[in-house]
Each structure stands twice: as structure tokens, then as C-alpha cells.
Amino acid sequence: MHESWKPFLKSEFEKPYFKELSSFLHSAYEKETIYPPKTHVFKAFQTDLNKVTVVILGQDPYHTPGAAMGLAFSVPKNAPIPPSLINIYKEIDNDIGHHENQTGDLTTWQNQGVLLLNNVLTVEAHKAGSHRNKGWEVFTEATIKYLNKTRPHLVFILWGRDARSKKSLIDQTRHLVLESPHPSPLSAHSGFFGNHHFSQTNAFLENHNLPKINW
């Protein structure tokens, strides 16, 4: 984790809810196959807090082998690109002309200040949503509140019901909130396609003299 997050994370890790979550995770990793690997659970927090300009909020990690890597929507370079990310790339192409990534690894976005945060940071293999209501949602809300308070001129991109439920935590007089259905094949045609979130994000950043994201 990047040192810029240490004060926030230290505070959260000491709270009763997180101690209960840690106990649950310790047992889960011992007994079951859990994704992502332990070393990647907080990979999103390798993003320098002081350089964060965009927050993309996902749901929970991919629950199939070799996919989850600790960044929302991202997979390792050698992994097949998941359907949701294929749709994200399609929207980028339609919105701004082309996407830069040749694989499903979104580390290039992270390196530009995009925080790729899931609502729930772990999952049991082949059981989508299996770590809901274990405490991660409390942690995610605290993270969004902290970002809302400490960082200026952020773009919060909320795709899907779980992400959109966090809208009330964000001060829209200071930050830009972009929301739409999830890019999953089940919902992408219900308003994700055509949302123009990538061009809107870069226009907002440019208006505040911040570097645009090379999507």
C-alpha cells in the first residue's frame, strides 16, 4: 500500500468492524480458495492518494481462477479479457475513438491516478458476492468519505446498483459524479453504452487543470 494511505488505513484497521472482517478473512483464506491472493487484496491502495483524480467503483472481484488482481475490472496481462471489460473498451472506442490497453490489465490507469476500487475486496472461488455483508462495504464507504473530504475535483464513476448507492456520500459541489448501469452484458445495453463517461471525465479534469487520463 502507498504510504499516503497509511493514516486512513491505520485508523480503519483498528476499528471493531475491521477486526471482525480480518478474523473472517483469516479463516476464509485458510479453509477456502479466495480471490484475489492475500498480497493483492489492497492493490488499489498502491495508487498514490495525492495523485488520485478518478475513482471507478466496482462490485466484487472476479471469482474465477487467474482473474482477480486487486483492481476493479482489471485482470492480469495473460488472462482473457472479461465481458464487462470488453464492454468498457467498446464504450471507450465509441466515446473517444480508441482504447490504449492491449490486455485486460488496467495498471496503466492506476498509474495515472485512477483508483480502481471494488465495493467488496474479496470473494470465494466460483461464488459471486460470497463476501458481501462481512464488513467490506463499511470499509468502502469510509474510503469514499475520506476521498470526498481530502481530495479536490475528483471524478467518481459509479456503474451498477452497488456503486450508485454510494452517490449520497459525495459532495457534488466539489466533485463530478457519473453514473450508469453496469457494463456487464446483462445491463450494458440499458444505458452503459453511450454514457460518454470517459470524455466527460477528461473534460472535467482539463477544466480543473488536471492531466487527462489516457484511456
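Residues numbered from 1 in each chain as written. Predicted model: local features only at pLDDT ≥ 70, side-chain atom pairs only at ≥ 80, totals over all residues. Heavy atoms only, no water.

> I'm lost on the sheet that holds strand β3 (residues 114–118) in this one. Help?
Sheet strands pair by backbone hydrogen bonding; their relative direction is either parallel or antiparallel. Across the sheet, which stays open at both edges, the four strands sit in the order β3-β2-β5-β6 with parallel pairing between neighbours. The sheet terminates laterally at β3 and β6 (176–180), the two strands that pair on one side only. Across this sheet, the average inter-strand angle for adjacent strands is 15°, counted without regard to direction. Direction of pairing for strand β2 (residues 54–58) relative to strand β5 (residues 155–159): parallel, over a ladder of four bridges. Among the inter-strand pairings, Leu57 is bridged to a residue of β5, identified as Leu158. (Pairing = 2+ DSSP bridges. Helix = DSSP H or I, 4+ residues; strand = E, 2+ residues; numbered from the N terminus. Axes fitted to C-alpha atoms, helices over the stretch in contact; angles between N-to-C directions.)

> Teacher, can you tell me more about the side chain of Lys166 here?
Its location among the elements puts Lys166 in the loop between α6 (161–164) and β6. Notably, Lys166 is buried but unbridged: the nearest opposite-charge side chain belongs to Glu141, and the N-O separation is 4.6 Å. Aside from chain neighbours lying at most four places away, what touches Lys166 is Leu57, Asn119, Glu141 and Ile144. (Buried < 20%, exposed > 50% of the residue type's maximum accessible area, 1.4 Å probe, protein only. Lys, Arg positive; Asp, Glu negative; His and termini not counted. Salt bridge = Lys/Arg side-chain N within 4 Å of Asp/Glu carboxyl O. Contact = heavy atoms within 4.5 Å.)

> What's the story with the environment of Thr201 in this structure? I'm lost.
Tracing the backbone through its elements, the reader meets Thr201 in helix α7 (residues 197–207). A relative accessible area of 0% means that Thr201 is categorised as buried. Apart from the residues lying within four places of it in its own chain, the contact partners of Thr201 are Val54, Val155, Ile157, Leu178 and Trp215. At a separation of 2.7 Å, a polar atom in the side chain of Thr201 contacts the main-chain carbonyl oxygen of His197. (Polar contact = N/O pair within 3.5 Å; in protein donor to acceptor, adjacent residues only side chain to side chain.)

> Help me understand the side chain of Gln110, please; the structure alone is not making it clear to me.
Looking at the element boundaries, Gln110 is found in helix α4 (residues 107–110). In this structure the side chain of Gln110 is engaged in a polar contact, spanning 3.1 Å, whose partner is the side chain of Thr47. The residues touching Gln110, leaving out its near neighbours within four places in the chain, are Lys43, Ala44, Gln46, Thr47 and Leu71.

Don't take any of this as a statement about function, it's just geometry.
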